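Analysis of the macromolecular model
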Amino acid sequence: MDIATSAINKGKSAAFAWQQTYTTQAAQLAQLDNELLAERANDIRDVGMRVLRILTGVEATEQKYPQNTILLAEDLTPSDMANLDRERVVGFCTLAGGTTSHVAILARSMGIPAIAGTEPRVLDLANGTPVILDGTKGTLRLNAPTEEIERTQSLIAKRKAKQAADLQTAFGPAVTQDGHQVEIVANIGSLKDAEEAVALGTEGVGLLRTEFIFMERSKAPTEDEQTGIYRSIAEVLGPDKPMIVRTIDVGGDKPLPYLAMAHEENPFLGERGIRLGFDQPELQRTQLRAILRASTAGKLRVMFPMIGRMEELRMAKAMLEEERQKLNLPPVEVGIMIEVPSAAVMAEQLAKEVDFFSVGTNDLTQYTLAMDRGHPKLAPFVDGLHPAVLRLIDQAVKGAQRSGKWVGVCGGIGSDPQAIPILIGLGVKELSVSVSMIPAIKAQVRSLTLDHCQILASQALDLETAAAVRDLVPLPE
Ligand code: PEP
Ligand code: MG
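Reference entry: report on the structure contained in this document. None of the values given here were measured: they were computed from a predicted structure.

Before going further, it helps to examine the site of ligand 1. Near ligand 1 you find 16 residues, and of these Arg209, Arg246, Gly360, Asn362 and Arg373 are the closest. In the model, an oxygen atom of ligand 1 is placed 3.4 Å from a nitrogen or oxygen of the Gly360 main chain. Interatomic distance of 2.7 Å between a backbone N/O atom of Asn362 and an oxygen atom of ligand 1. With respect to the pocket detection grid, ligand 1 is positioned in the largest cavity. With three residues, the single largest contributor to the shell around ligand 1 is helix α15 (residues 361-369).

Right, let's get into the packing of aromatic side chains. In total, this model carries two aromatic pairs according to the counting rule given. Ring geometry for Trp18 versus Tyr22: centroids 6.0 Å apart, planes at 50°, classification tilted. One end of the pair, Trp18, and the other, Tyr22, are both in helix α2 (residues 14-30), four residues apart, so they sit about a helical turn from each other. You can call Tyr22 buried: its relative accessible area is 6%. Ring centres 4.9 Å apart and planes at 10° place the aromatic pair Phe356 and Trp406 in the stacked group. Here Phe356 is found in strand β12 (residues 356-359), whereas its partner Trp406 is found in strand β13 (residues 406-409), with 50 residues between them in sequence. Here Phe356 falls in the buried class, since its relative accessible area comes to 0%. Residue class for Trp406 comes out partly exposed when judged on its relative accessible area of 23%.

Strand order in this open sheet of three strands is β1-β2-β3, and the pairing throughout is parallel. Strands at the two margins of the open sheet, each flanked by one partner only, are β1 (69-73) and β3 (114-115). In terms of strand pairing, strand β2 (residues 89-94) meets β3 through two bridges, oriented parallel. Note that in β3 the partner of Phe92 across the bridge is Ala114.

With that out of the way, let us pick up the packing of helix α6 (residues 146-168) against helix α18 (residues 438-446). Where α6 meets α18, the axes come as close as 8 Å, and the angle between the chain directions of the two elements is 75°. Taken together, the axis directions place α6 and α18 in an arrangement best described as roughly perpendicular. Across from Lys162, Asp166 and Leu167 in α6, the residues of α18 making contact are Pro439, Ala440 and Ala443. For the contact of α6 with α18, a count of residues per class yields four nonpolar, no polar and two charged.

For the rest of this paragraph, the subject is the environment of Leu55. Note that Leu55 resides in helix α3 (residues 35-56). The exposure class assigned to Leu55 is partly exposed, which follows from its relative accessible area of 44%. A C-alpha to C-alpha distance of 50 Å links Leu55 and Asp240, two positions 185 residues apart in sequence. Non-local contacts of Leu55, meaning those with residues more than four positions away in its chain, are made with Ala14, Ala15 and Trp18.

This paragraph deals with the packing of α15 against helix α16 (residues 387-402). Angle between the axes and distance between the axes: these two values describe a pair of packed helices. Their axes nearest at 10 Å, the elements α15 and α16 cross at an angle of 120°. Classified by the angle their axes make, α15 and α16 are oblique. The way α15 lies across α16 gives a crossing that is right-handed. The segment α15 lies against α16, with Thr361, Leu364, Thr365 and Thr368 engaging Ala388, Val389, Leu392 and Ile393. For the contact of α15 with α16, the class distribution of residues is five nonpolar, three polar and no charged.

One finds Phe304, Phe357, Ile393 and Leu431 to be the most contacted residues of the largest nonpolar core, which totals 87 residues. Counting residues per element, this core draws most heavily on α16, at seven residues. Formed by 11 residues, the second largest nonpolar core is a distinct cluster that contains Leu71, Leu84, Ala107 and Ile112.

Alternating residues of β1 divide into Thr69, Leu71 and Ala73, all buried, and Ile70 and Leu72, none buried. Where β1 meets β2, five bridges bridge the pair, whose relative direction is parallel. Note on β2: the bridge partner recorded for Leu71 is Phe92.

Bringing the coordination of the magnesium ion (ligand 2) into the picture now. Bound to the magnesium ion (ligand 2) on the protein side are Glu339 (OE) and Asp363 (OD), at distances that span 2.0 to 2.1 Å. Residue Glu339 is found in the loop between β11 (333-338) and α13 (341-345), and its partner Asp363 is found in helix α15; the two are separated by 24 residues along the sequence. The same class applies to Glu339 and to Asp363, which are both buried.

Conventions we followed
- Residues numbered from 1 in each chain as written.
- Chains lettered and ligands numbered in written order.
- Predicted model: local features only at pLDDT ≥ 70, side-chain atom pairs only at ≥ 80, totals over all residues.
- Heavy atoms only, no water.
- Near = heavy atom within 4 Å.
- Polar contact = N/O pair within 3.5 Å; in protein donor to acceptor, adjacent residues only side chain to side chain.
- 1 Å grid on protein atoms, 1.4 Å probe; cavity = no way out; pocket = protein on both sides within 12 Å on 5 of 7 lines; lining within 4 Å.
- Sits in = over half its atoms within 2 Å of the grid points.
- Helix = DSSP H or I, 4+ residues; strand = E, 2+ residues; numbered from the N terminus.
- Phe/Tyr/Trp six-rings, centres within 6.5 Å; stacked < 30°, edge-to-face > 60°.
- Buried < 20%, exposed > 50% of the residue type's maximum accessible area, 1.4 Å probe, protein only.
- Pairing = 2+ DSSP bridges.
- Axes fitted to C-alpha atoms, helices over the stretch in contact; angles between N-to-C directions.
- Parallel < 35°, antiparallel > 145°, perpendicular 65-115°, else oblique.
- Contact = heavy atoms within 4.5 Å.
- Nonpolar A, V, L, I, M, F, W, Y, C, P; charged D, E, K, R; others polar.
- Left-handed = near helix turned anticlockwise from the far one by under 90°.
- Core = buried A, V, L, I, M, F, W, Y, C linked by side-chain atoms within 4.5 Å.
- Donors = N, O, S within 2.8 Å, 3.2 Å for Na, K, Ca; no water.

Laid out in structure tokens, this is it:
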């Protein structure tokens, strides 16, 4: 701001001064070694461009894309994603980001195939070049022969027909052929997601990422505002469908611009999730009060993110209990994310003090394999089907079972058709999945038997690599 003001004082126009300032800042950020900060350059350009449009009075013209467009971009911001023309854009491909970055999570919930971490040369392709994007394999095929394009088009038509058929049965339970029911619930970040999930047959919400509600504002929502939002989501779900509200999980790759946080060398290992809640207790307590006040509108459960130690669980529960007593409201069920390896290892002890676990495989994988979940080059290896991650999930389920508690999975592999039989076989009772996947996952569960899932799970635990686990479970047709 100071740089722009000084340029204006020297006689430059506001628009010119602003453009110079934000492009220089973005270029400086983009050169930093720290990948996370370098990625913020894109956010600065995004905001910079929006301010510039206001200064110059130019309306944001909505890009007109032809049908079946695959967007190739250096990076996309969550706000680009929100404005995508979903009728015409059928996929996208970015140089930045990884499979569990938050833009990728948004893409998955919209049901748009996307790949991240692509080679920069794709940006040299001319507009209109035919390409085939396979979101499952993470490939972008150039110069495909006509027959291959036709084969892909007919495959897409077949998939669409399957989606329509799955939707017909989306409102029934997901029961395996041998009578084992798995709860299929949704990962959501807003009221709109909740409405879409209900329309696709969800049985509840297994993860409300409340930080998304904080991230789309310029200051923290008040206790009353939060109560209103949680309450309206609970009302969309109705009295019978449970909703797990995860307390705010900022830090790591989800900074909150208006929250003062000290610079950290390793934000993913810093004051993230519940740790921030202890550092800024008023933020945490305000949210807990809002959740408790909204809990009378439905079947709400509270879940704490990033628990790695028993002391953290006890402190978080104590805060909840203190606020509950002040409000004089009935208790709510309490669970924790299992996403820090120490929590999976200590599951037996932690399970005695909670009602449920939900495994966050995105973070559990990144922390187990010591690979940043948003790293473009490491993306192919950050696979939650790695046997090391599966062994931790197995340990968490066994630990929970010893005190009769249930375990769900809300990380990305809960929506992965190759992971689903294994997770069920490991004893996972609830899959919290990307909204767009609900009908397909219910259909898949109905095609399985628990017996076979258990055999697959025990074989997978003995394998040596993620690739070997994937070979064990071929992709369903
Ligand atoms: C996870 O880590 O798997 C998870 C579900 O939480 P988030 O992706 O929001 O970190
Ligand atoms: Mg997580």
